[in-house]
2 protein chains.
Amino acid sequence: MPSPPHNGGGDAHPPQRRRHLNLLILLLRLVTFGFSLAAAISIVTNSSPSWLRFQSFRFVFAANVIVAAYSLFEMCASVHEILKGATLFPEPIQLCFDFTHDQVFAYMVVAAGAAGAADARRLRAGGACAAEGGFCVLADVAVALGFAGFAFLALASLVSGFRLACYVTTGSGLHIW
Amino acid sequence: MPSPPHNGGGDAHPPQRRRHLNLLILLLRLVTFGFSLAAAISIVTNSSPSWLRFQSFRFVFAANVIVAAYSLFEMCASVHEILKGATLFPEPIQLCFDFTHDQVFAYMVVAAGAAGAADARRLRAGGACAAEGGFCVLADVAVALGFAGFAFLALASLVSGFRLACYVTTGSGLHIW
């Protein structure tokens, strides 16, 4: 059951501020989703030689698919909150869920990007790219897109962390900023 | 009987709470420092073949040296705050400095660890460890120590983020929790 909003009577602006915050989060989720999905697609279309042979590229693919799916879910949660004025889960659970997943997935996707970049660089240094230039370019593109997705996920994590901290310190995520 | 105010002079415990928070932060910094320094030393003593040949191990070394130096500085700042009862820099600057550096260095050190782990695994898969077993073991140890340091730095980042959010939401980092 969605939790009712903790609206107080004293401040006339909270619903509008909350709406702006939700729109910002929705935008960050949308951009993260776009970059992560593009990174996963770049990896999966890289078939000569198969990307499945490289553990780090499998990690990049898995991390970006997870982040894209999570961002899609969070976009639905944000749209629900914007339309209904209440979080999908009870508010404290939703805020904890958002922040912990943002943090864990941000660390995961930056680690995957670093591992993928190390392998992409090794392939290039080893001369493998002379024969398979397309593979190397797509691998670089996938790693770069993954890092771009990470940057927006890290920003989303800052916003969700701030929301959670507001809730914890004042007992309300709605009208403390 | 009216309940004591959440903020302000009515609460007798804030200095003690602040002290506990500072001791927790000091402990996290100390553990992070220990792990990062140990990771850097493990890498730098790995001389056959030279770790300098591997870009990812150079990254692991640099990231852990930076985190160890930063943790040492933050330990001094924490001790200063515990002894003097005031932050080293003006409080908003100190809180922003701590949180931004915690976040950036946590992402950096987890990325370095992932790149190092990818290379350590490749060396093992390539059969290089049969001849140079000691190198591979030390590389694995360094990567594992770096990840342990990351875990405590990520925890410190949560605490410093919470302190910053408290300051931003209530205008005081001292007695809001």
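Parameters at a glance
- Residues numbered from 1 in each chain as written.
- Chains lettered and ligands numbered in written order.
- Predicted model: local features only at pLDDT ≥ 70, side-chain atom pairs only at ≥ 80, totals over all residues.
- Heavy atoms only, no water.
- UniProt positions renumbered as here; feature names shortened; annotations may be inferred.
- Disulfide = S-S within 2.5 Å.
- Buried < 20%, exposed > 50% of the residue type's maximum accessible area, 1.4 Å probe, protein only.
- Least-squares fit on C-alpha atoms with pLDDT ≥ 70 in both.
- Contact = heavy atoms within 4.5 Å.
- Salt bridge = Lys/Arg side-chain N within 4 Å of Asp/Glu carboxyl O.
- Helix = DSSP H or I, 4+ residues; strand = E, 2+ residues; numbered from the N terminus.
- Polar contact = N/O pair within 3.5 Å; in protein donor to acceptor, adjacent residues only side chain to side chain.
- Expected span 1.5 Å × (residues − 1).
- Axes fitted to C-alpha atoms, helices over the stretch in contact; angles between N-to-C directions.
- Left-handed = near helix turned anticlockwise from the far one by under 90°.
- Patch = residues over 30% accessible without salt bridge, like charges linked within 9 Å, V, L, I, M, F, W, Y side chains within 5 Å.
- Areas by Shrake-Rupley, 256 points an atom, 1.4 Å probe, with all protein chains shown as cover.
- Buried area = accessible area lost by both parts, 1.4 Å probe.
- Nonpolar A, V, L, I, M, F, W, Y, C, P; charged D, E, K, R; others polar.

In the nomenclature of an unreviewed UniProt entry, chain A corresponds to CASP-like protein from the organism Musa acuminata subsp. malaccensis. Its UniProt record gives chain A the following Subunit (unreviewed entry) comment, quoted word for word: "Homodimer and heterodimers." Per UniProt, chain A has the following entry under Subcellular location (unreviewed entry): "Cell membrane".

Student: Teacher, can you tell me more about the state of the cysteines here?
Tutor: Here, the word disulfide means a covalent bond between the sulfur atoms of two cysteines. Residue and element names in this part refer to chain B. Going through the model one piece at a time under the given rule, you end up with two disulfides over all chains. Cysteine Cys96 is unpaired, with the sulfur of Cys166 as its nearest cysteine sulfur at 13 Å. Taking the relative accessible area as the measure of exposure, Cys96 reaches 37% and is therefore partly exposed.

Student: Sorry if this is basic, but what is going on with the relation of the copies chain A and chain B here?
Tutor: Each of the two chain copies can be brought onto the other by rotation about an axis and movement along it. For the pair chain A and chain B, the relating rotation is 180°, the translation along its axis is 0.0 Å, and the fit reaches an RMSD of 0.0 Å. The operation mapping one copy onto its partner corresponds to a two-fold rotation axis. Interface residue correspondence from chain A to chain B reaches 100%, placing this contact among same-surface, isologous pairings.

Student: It is not clear to me how the pattern of salt bridges should be interpreted in this structure. Could you clarify?
Tutor: One side chain can pair with another of opposite charge once the charged atoms of both are near each other. Evaluated as defined, the whole model comprises 14 salt bridges over all chains. For A:Arg29, the salt bridge is made with A:Glu74, and the minimal N-O distance between the two is 3.9 Å. One end of the pair, A:Arg29, is in helix α1 (residues 14–44); the other, A:Glu74, is in helix α2 (residues 55–84), with 45 residues separating them in the sequence. Per residue, the accessibility class of A:Arg29 equals that of A:Glu74, and both read buried. Note that B:Glu91 and B:Arg163 form a salt bridge whose closest N and O atoms lie 3.7 Å from each other. Note that B:Glu91 is positioned in helix α3 (residues 91–125) and B:Arg163 in helix α5 (residues 133–170), a separation of 72 residues in sequence. Exposure class is identical for B:Glu91 and B:Arg163. Each is buried. Several salt bridges share partner residues, and in doing so they unite A:Arg18, A:Glu81, A:Glu91 and A:Arg163 into one network.

Student: Would you mind going over the UniProt feature "transmembrane region" (unreviewed entry) in chain A with me for this structure?
Tutor: In this structure's numbering, the residues bearing the UniProt feature "transmembrane region" (unreviewed entry) are residues 20–44, 56–73 and 135–159 of chain A. Annotated as residues 56–73 of chain A, this span is 100% helix and 0% strand, and its ends, taken at the C-alpha atoms, are 26 Å apart.

Student: Please clarify how the side chain of A:Gln94 should be interpreted in this entry.
Tutor: Residues and elements named next belong to chain A. By the secondary structure assignment, Gln94 is in helix α3 (residues 91–125). A polar side-chain atom of Gln94 sits 3.2 Å from the main-chain amide nitrogen of Phe89. Residues within four places of Gln94 in sequence aside, it is in contact with Glu74, Ala77, Thr87, Leu88 and Phe89.

Student: Got a minute to help me understand α3(B) in this structure?
Tutor: Helix length check: α3(B) (35 residues) gives 50 Å between terminal C-alpha atoms against 51 Å at 1.5 Å per residue, within 8%. Following α3(B) by one or two positions, B:Gly127 has its phi on the positive side, about 85°.

Student: So what exactly am I meant to see when it comes to the packing of helix α5 (residues 133–170) of chain A against α3(B) here?
Tutor: Describing two packed helices takes the angle between their axes plus the distance from one axis to the other. As a packed pair, α5(A) and α3(B) sit with axes 13 Å apart at the nearest point and diverge in direction by 145°. Crossing geometry of α5(A) relative to α3(B) is assigned as right-handed. On α3(B), the residues that touch A:Phe150, A:Ala154, A:Ser157 and A:Leu158 of α5(A) are B:Phe99, B:Gln103 and B:Tyr107.

Student: Hey, could you run me through a nonpolar patch on the surface in this one?
Tutor: All names here are of chain A. On the surface, a cluster of nonpolar side chains totalling about 230 Å² of accessible area is made up of Leu37, Ile41 and Val44. Examined against the element boundaries, Leu37 turns out to sit in helix α1. Residue Leu37 is classed as partly exposed on the basis of its relative accessible area, which comes to 36%.

Student: Just to check I follow, could you spell out the environment of B:Ala117 for this structure?
Tutor: All names here are of chain B. Mapped onto the secondary structure, Ala117 falls in helix α3. Take Ala117: its relative accessible area is 29%, and that puts it in the partly exposed class. When the C-alpha positions of Ala117 and Leu21 are compared, they lie 34 Å apart, and in sequence the two are 96 residues distant. Once residues within four sequence positions are removed from consideration, Ala117 is found in contact with Val143 and Phe147.

Student: Honestly, the interface of chain A and chain B in this entry has me stumped. Any pointers?
Tutor: Accessible area lost when the parts come together is the quantity often used to give the size of an interface. The partner chain B presents 23 residues to the 22 residues of chain A that form the contact. Approximately 1800 Å² of surface area, both sides summed, lies buried where chain A meets chain B, with 71% of it carried by carbon and sulfur atoms. The interface formed by chain A and chain B contains zero salt bridges. Sorting elements by how many residues they give to the side of chain A that touches chain B places α3(A) first, with 11 residues. For the side of chain A that touches chain B, a count of residues per class yields 16 nonpolar, four polar and two charged.

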